[in-house]
Amino acid sequence: MDTTNVDTAELAKFDEMASRWWDPNGECGPLHAINPLRLEYIDERADLAGKRAVDVGCGGGLLAEAMALRGAEVVGMDMGEAAIKVARLHRHESGVEVDYRHTAAEDLAAEEPEGFDVVACMEMLEHVPHPESVIAACARMVKPGGRVFFSTINRNPKSYLFAILGAEYLLKMLPRGTHDYQRFITPAELDGWARSAGLVAEDFTGLTYNPLSRQYHLGRDIGVNYMATYRRDE
């Protein structure tokens, strides 16, 4: 297994919370809250039914199972051993069929080049030392004409205020230390890496949180959290 693009401290952090991945009231509560939005964003642009999809950095399987329920044949992959174990356990409980693999994105790209119609890499890029390597792997995995979806966090004073001070310290939506501001990724950086990997941008959409209503919304503001759609030309 390729471990050159792994932060062992990050893996340990997420493995420690793996057993609580499916608890909507636990540390992963924000993921539960945004999962329907992520799913709709992907399905509207890729029409998941009948497609072969991969969830890169799937964690405990929230998005992977949701895509499978939309009719996709799904592979979920993660470098976190505990997370994959939890995902496989939940698969048995839910009956939703997902092929979970404990592997690296770079390894899966080597094993299955052009193997997927849809590649999703959500809330993962900001947790690895070399996000450009993961982006290149995602580009290798997708079939010509297929779609690649990324979501991550912008890097600017506003994102530091909202994603770290607000979410981790004031609102306590996430455990302190969940994110490292220096690893946040600007849309320009993401786009540069994606274009270098042969992907063409189709959309950038922001994901915002309203602390009064305690709800997330999609919109034009990409100042903090954002999602992006890319196409691999045929």
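An account of the accompanying structure is given in this report. Bear in mind that the values here come from a model prediction, so they are computed numbers and not experimental data.

Between helix H2 (residues 29-46) and helix H3 (residues 62-69), the least distance of the axes is 10 Å, while the angle of their chain directions is 40 degrees. With respect to their mutual orientation, H2 and H3 come out oblique. Of the two possible hands of crossing, H2 and H3 adopt the one that is right-handed. Residues Leu31, His32, Asn35, Arg38, Leu39 and Ile42 of H2 pack against Leu62, Leu63, Ala66 and Met67 of H3. When the residues that make up the contact of H2 with H3 are grouped by side-chain class, the tally is 7 nonpolar, 2 polar and 1 charged.

As a further point, take H2. Spacing of three or four residues puts side chains on the same side of an α-helix, whose turn is 3.6 residues. Counted at 1.5 Å a residue, the expected span for H2 with its 18 residues is 26 Å, and the 26 Å between its end C-alpha atoms agrees. Of all bends in H2, the biggest is about 40 degrees, found at Asn35, and the proline Pro36 comes one to four residues later. Within the span of H2, buried status applies to Gly29, Pro30, His32, Ile34, Asn35, Arg38, Leu39, Tyr41, Ile42, Asp43 and Ala46. Lining the buried residues of H2 we find H3, strand S4 (116-122), strand S5 (142-153), strand S6 (199-210), strand S7 (215-219) and strand S8 (225-232).

Strand order across the open sheet formed by 8 strands is S3-S2-S1-S4-S5-S8-S6-S7, with mixed pairing between neighbours. The sheet is open, and its two borders are formed by strand S3 (99-102) and S7, each paired with just one other strand. Here the strands of the sheet are splayed against their neighbours by 20 degrees on average, with no regard to which way each runs. Bridge count for strand S1 (residues 52-56) against S4 is 3 bridges, and the pairing is parallel. Residue pairing for S4: Val54 is matched across the bridge by Val119. Where helix H4 (residues 81-94) meets the sheet, it contacts strand S2 (73-78) and S3, and its direction lies at approximately 165 degrees from that of S3. Sitting on the sheet, helix H6 (residues 131-141) touches S1, S4, S5, S6 and S8, and the angle it makes with S5 is about 150 degrees.

Moving on: the pairing of S7. Here S6 runs beside S7; their pairing, made up of 5 bridges, is antiparallel. In the strand pairing of S7, Asn210 is matched with Gln215. Hairpin connection between S6 and S7: a loop of 4 residues separates the two successive antiparallel strands, and Arg214 in this loop has a positive phi of roughly 60 degrees.

This paragraph deals with the nonpolar core. Ranked by internal contacts, the top residues of the largest apolar core, which has 29 residues, are Val54, Val56, Val119, Val134, Met141, Phe150 and Leu190. Breaking this core down by element, the ones donating at least two residues are S1, S2, helix H5 (105-111), S4, H6, S5, helix H8 (187-196) and S8. The element contributing the most residues to this core is H6, with 6 residues. Sequence-distant contacts of Val134, defined by excluding residues within four places in its chain, comprise Asn5, Val56, Ala105, Glu106, Cys121, Met124, Leu125 and Val128. In terms of nonpolar packing, the next biggest core, distinct from the first, is built from 24 residues, Ala68, Ala72, Ala87 and Phe149 among them.

Attention now goes to the layout of surface pockets. In this model, the second largest pocket occupies a volume close to 190 Å³. Together, Pro24, Asn25, Gly26, Gly29, Pro30, Ala33, Met173, Tyr209, Arg214 and Tyr216 line the second largest pocket. Per element, the largest residue contribution to the lining of the second largest pocket is 3 residues, and it comes from H2. In the lining of the second largest pocket, the residues fall into 6 nonpolar, 3 polar and 1 charged.

Further remarks concern the pattern of salt bridges. Taken as a whole and judged by the stated rule, the model has 22 salt bridges. For Glu202, the salt bridge goes to Arg147, with nearest N and O atoms at 2.8 Å. On the criterion of sequence distance, the pair formed by Glu202 in strand S6 and Arg147 in strand S5 is long-range, its members being 55 residues apart. Taking the relative accessible area as the measure of exposure, Glu202 reaches 37% and is therefore partly exposed. The structure contains a network of salt bridges with shared partners spanning Arg52, Glu73, Asp99, Arg101 and Glu112.

Rules used throughout
Residues numbered from 1 in each chain as written. Predicted model: local features only at pLDDT ≥ 70, side-chain atom pairs only at ≥ 80, totals over all residues. Heavy atoms only, no water. Axes fitted to C-alpha atoms, helices over the stretch in contact; angles between N-to-C directions. Helix = DSSP H or I, 4+ residues; strand = E, 2+ residues; numbered from the N terminus. Parallel < 35°, antiparallel > 145°, perpendicular 65-115°, else oblique. Left-handed = near helix turned anticlockwise from the far one by under 90°. Contact = heavy atoms within 4.5 Å. Nonpolar A, V, L, I, M, F, W, Y, C, P; charged D, E, K, R; others polar. Expected span 1.5 Å × (residues − 1). Bend = angle between axes of the 7 residues up to and from the residue. Buried < 20%, exposed > 50% of the residue type's maximum accessible area, 1.4 Å probe, protein only. Pairing = 2+ DSSP bridges. Core = buried A, V, L, I, M, F, W, Y, C linked by side-chain atoms within 4.5 Å. 1 Å grid on protein atoms, 1.4 Å probe; cavity = no way out; pocket = protein on both sides within 12 Å on 5 of 7 lines; lining within 4 Å. Points joined across faces, edges and corners; volume = space filled by probe spheres on them. Salt bridge = Lys/Arg side-chain N within 4 Å of Asp/Glu carboxyl O.

Just geometry here; none of it tells us what the structure is for.
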